[in-house]
Amino acid sequence: KTFNKYLKALWSEFEIESNMSPFQSYTWLSNWYDVVGEKAKIHPLIIIIRKKEELIAIFPMSIKKTKFLNTIEWLGGMHCDYMAPLLKKGFIFKRKEFLNIWEDIQYKLPSHDLILLSNQPSTIGSVDNPFVKFLKVKEKTVAYSRSLKGNWEKFYNKILKKKIRLDSKRNLRNLEKIGKVEFIISDSKNNSKKIIEKMIVQKRYRYISTGSKDLLLKKEHRDFYFRLSDINSKFLNLHFSAIKINN
């Protein structure tokens, strides 16, 4: 399946009742494909999983074709911090069931040389990621998350470690030595674009100053972020904010 009206309706409705990350939303990935993926000659492989006609999962995969290698990957490239399937809430894959499905999928995939599934979280929402739980994987890095319950004041004063609170206050004092510090949340498309523009300038400067590869060198990668400010979807809420010093 490719990105089209039918898939958009199916996928977007499934998001409401699935465990997933924002990076697997139809809006995020279709935007990525339109701006980045298609130019990189990446072809979507959207796999729909049903059990007795009930939609239980979506595997948003792709095949990347180069001169020497055809690779099966998750959709999203470097613009997805987490890559994973969408899983119906309340449904948990059993080992044998998942392995049988995955074997069938591999048999039906287009001709390829390699399957490379990276940046996979061990859990998706409150359930285990079957690709991590049931397949052979290699740990790439460690990431931590926190489920926020109640309001920010309660979390900050009663749950957050004292050392982190003290470090944050010290960092703020150091910034205030430079000038007036403001935290702003965008309230318009124009302000969002300004924040994105500054973010890109600063990230590219950081890449160059540290001798790292400039991941935003190509125009399509910069355009991907600029287009985020144009998204207006009931299925995906995007938050744009920044710290300003002396305006």
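Residues numbered from 1 in each chain as written. Predicted model: local features only at pLDDT ≥ 70, side-chain atom pairs only at ≥ 80, totals over all residues. Heavy atoms only, no water.

(A) A look at the overall build of the chain. Check the secondary structure of the chain and you find 8 helices and 10 strands. Once the C-alpha set of the chain is aligned to its principal axes, its extents read approximately 60 × 45 × 35 Å. Put simply, the chain has 247 residues, and 37% of those count as buried. A fraction of 66% describes how many contacts in the chain between residues 6 or more apart in sequence connect residues 24 or more apart. When the accessible area of the chain is evaluated, it comes to approximately 16800 Å², of which 52% is carbon and sulfur surface. Taking the average location of the 48 positive side-chain charges in the chain and that of its 25 negative ones, the two points are 5 Å from each other. (Helix = DSSP H or I, 4+ residues; strand = E, 2+ residues; numbered from the N terminus. Buried < 20%, exposed > 50% of the residue type's maximum accessible area, 1.4 Å probe, protein only. Contact = heavy atoms within 4.5 Å. Areas by Shrake-Rupley, 256 points an atom, 1.4 Å probe, with all protein chains shown as cover. Lys, Arg positive; Asp, Glu negative; His and termini not counted. Charge placed at Lys NZ, Arg CZ, Asp CG, Glu CD.)

(B) Expanded view of the nonpolar core. Core analysis: the biggest nonpolar cluster contains 54 residues, and W11, F59, M61 and F93 have the highest contact counts within it. Residues contacting M61, with those up to four places away along its chain left out, are P44, L45, I46, I47, I72, E73, W74, L75, W102, L117 and F131. (Core = buried A, V, L, I, M, F, W, Y, C linked by side-chain atoms within 4.5 Å.)

(C) Summary view of the pattern of salt bridges. Per the stated rule, a full pass over the model turns up 11 salt bridges. Between D128 and K133 there is a salt bridge, with the nearest N and O atoms lying 3.4 Å from each other. According to the relative accessible area criterion, D128 is partly exposed, its value standing at 43%. Taking the relative accessible area as the measure of exposure, K133 reaches 49% and is therefore partly exposed. Each member of the salt-bridge network shares a partner with another, and the members are E17, E54 and K88. (Salt bridge = Lys/Arg side-chain N within 4 Å of Asp/Glu carboxyl O.)

(D) Quick peek at the confidence of the model for the chain. Here the chain shows a mean pLDDT of 93. Residues at 70 or above account for 100%. Strand β5 (residues 86-88) holds the highest mean pLDDT among the elements of the chain, 97, whereas helix α5 (residues 152-159) holds the lowest, 87. (pLDDT = per-residue confidence, 0-100.)

(E) Just the pairing of strand β3 (residues 54-65), in detail. In terms of burial, β3 is a largely internal element, 9 of the 12 residues being buried. Relative to β3, strand β2 (residues 42-51) runs antiparallel, the two being bridged by 10 bridges. Bridging across to β3, K51 finds its partner in E54. The pairing of β3 with β5 spans 2 bridges and is classified as antiparallel. Within the sheet, the bridge partner assigned to A57 lies in β5 and is L87. (Pairing = 2+ DSSP bridges.)

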